[in-house]
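Chain by chain, the residues run as shown.
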Amino acid sequence: MSRKGKKDTLVNIEETKQWVYNVLSDTWVSKANMCSEDVSSDINELDIAGLDTLPCDKVNVPRVKQALVALECELESKKEIINDEGKHTTTVVFGRIINYHIHSSVLGGTEERPVVDLEKIRLCGRVGDVTYWPAGEEARRYCRCGRSDTVSDKGRILSFKGDPGKMSSGL
């Protein structure tokens, strides 16, 4: 939940019953962080972040071009989480994947049985607030991305733990 109530993503999912889960890689984590800015609902966070979109096949929601894996989803159910004081703090959505897109650059395996190569995709997840953590061998490193109160500040790394030489140039 934002300071102002439900985030735009949740409102959109509730209204359309569709969304795209764009799997985050460390090559575009700073841009993804900019999409978490608390801005007016008439502002497109993808434009602020400089992210491009591609059309989907089964849902009427665009996917992020920079995402090497994107999952087209339809809403199955949702669960509102209430804290001990009785305040609605977050909502967990559950969906069905109805289509997916996988960029050939992250495929491994064989032509008959391709698999997503986790070393190639360089998964990264949001831990909370402005902290992101990569998956895999180097999971001991993390980065904190800045977030501003204004749209003009495009996000910056505030702190970093690990070997900066191993970080992607997208950070």
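Note that this is a predicted model, so its numbers are computed, not measured.

About the criteria used
Within each chain, residue numbers correspond to sequence positions counted from 1 in written order. The predicted nature of this model means local features are confined to residues of pLDDT at least 70 and side-chain atom pairs, given and counted, to a pLDDT of 80 or more, with totals for whole chains, interfaces and linings taken over all residues. To obtain the side-chain values, all non-hydrogen atoms of the structure were included, while hydrogens and water were left out. Numbering of helices and strands runs from the N terminus; a helix is a DSSP stretch of H or I covering at least four residues, while a strand is a stretch of E covering at least two. The contact criterion used is simple: two residues touch if any of their non-hydrogen atoms lie within 4.5 Å. The definition of a nonpolar core used throughout is a set of buried Ala, Val, Leu, Ile, Met, Phe, Trp, Tyr and Cys residues joined through side-chain atoms within 4.5 Å. Only protein chains enter the accessibility calculation, which uses a 1.4 Å probe; a residue is then buried when its area is under 20% of its type maximum, exposed when over 50%, and partly exposed in between. Polar contact is the term for a pair of N or O atoms within 3.5 Å; when the atoms are in protein, one must be able to donate a hydrogen and the other to accept it, and sequence-neighboring residues count only if both atoms are side-chain atoms. At least two DSSP bridges between two strands are required for those strands to pair. Fitted lines through C-alpha atoms give the axes, limited to the stretch in contact for helices. The angle between two N-to-C directions lies from 0 to 180 degrees.

So, the overall build of the protein
Counting its regular elements, the protein contains four helices and 11 strands. In the protein, the share of contacts with a sequence separation of at least 24, taken over all contacts with a separation of at least 6, comes to 51%.

Re the nonpolar core
Nonpolar side chains in soluble globular proteins tend to end up buried together. Leu24, Trp28, Val29, Ala32, Met34, Ala49, Leu51, Val64, Ala67, Cys124 and Tyr132 together form the largest nonpolar core, which totals 11 residues. When residues of this core are assigned to their parent elements, the largest contribution, three residues, is made by helix α2 (residues 29-34). Dropping the residues within four chain positions of it, leucine 51 is found in contact with Trp28, Lys31, Ala32, Cys35, Leu46, Val64 and Gln66. Grouped together as the second largest cluster of nonpolar side chains are nine residues, Ile13, Val69, Cys73 and Val106 included.

Considerations on unusual backbone geometry
Most peptide bonds adopt trans geometry, and most residues besides glycine take a negative phi value. Residue lysine 17 is not a glycine yet carries a positive backbone phi of 65°. Topologically, lysine 17 is positioned in the loop between α1 (8-16) and β1 (18-22).

Remarks on the side chain of histidine 88
Here histidine 88 is to be found in strand β5 (residues 88-102). Looking at histidine 88, its side chain comes within polar contact range of the side chain of threonine 91, at 2.8 Å.

A short note on the sheet that holds strand β4 (residues 69-82)
One open sheet accounts for three strands, arranged β1-β4-β5; its pairing is antiparallel. The open sheet has two free edges, formed respectively by β1 and β5, since each of these has just one partner strand. Strand-to-strand, the axes of this sheet are offset by a mean angle of 45°, without reference to chain direction. Of the strand pairs in this sheet, β4 and β5 are connected by 13 bridges, and their pairing is antiparallel. Considered in β5, the bridge of alanine 70 is made with histidine 101.

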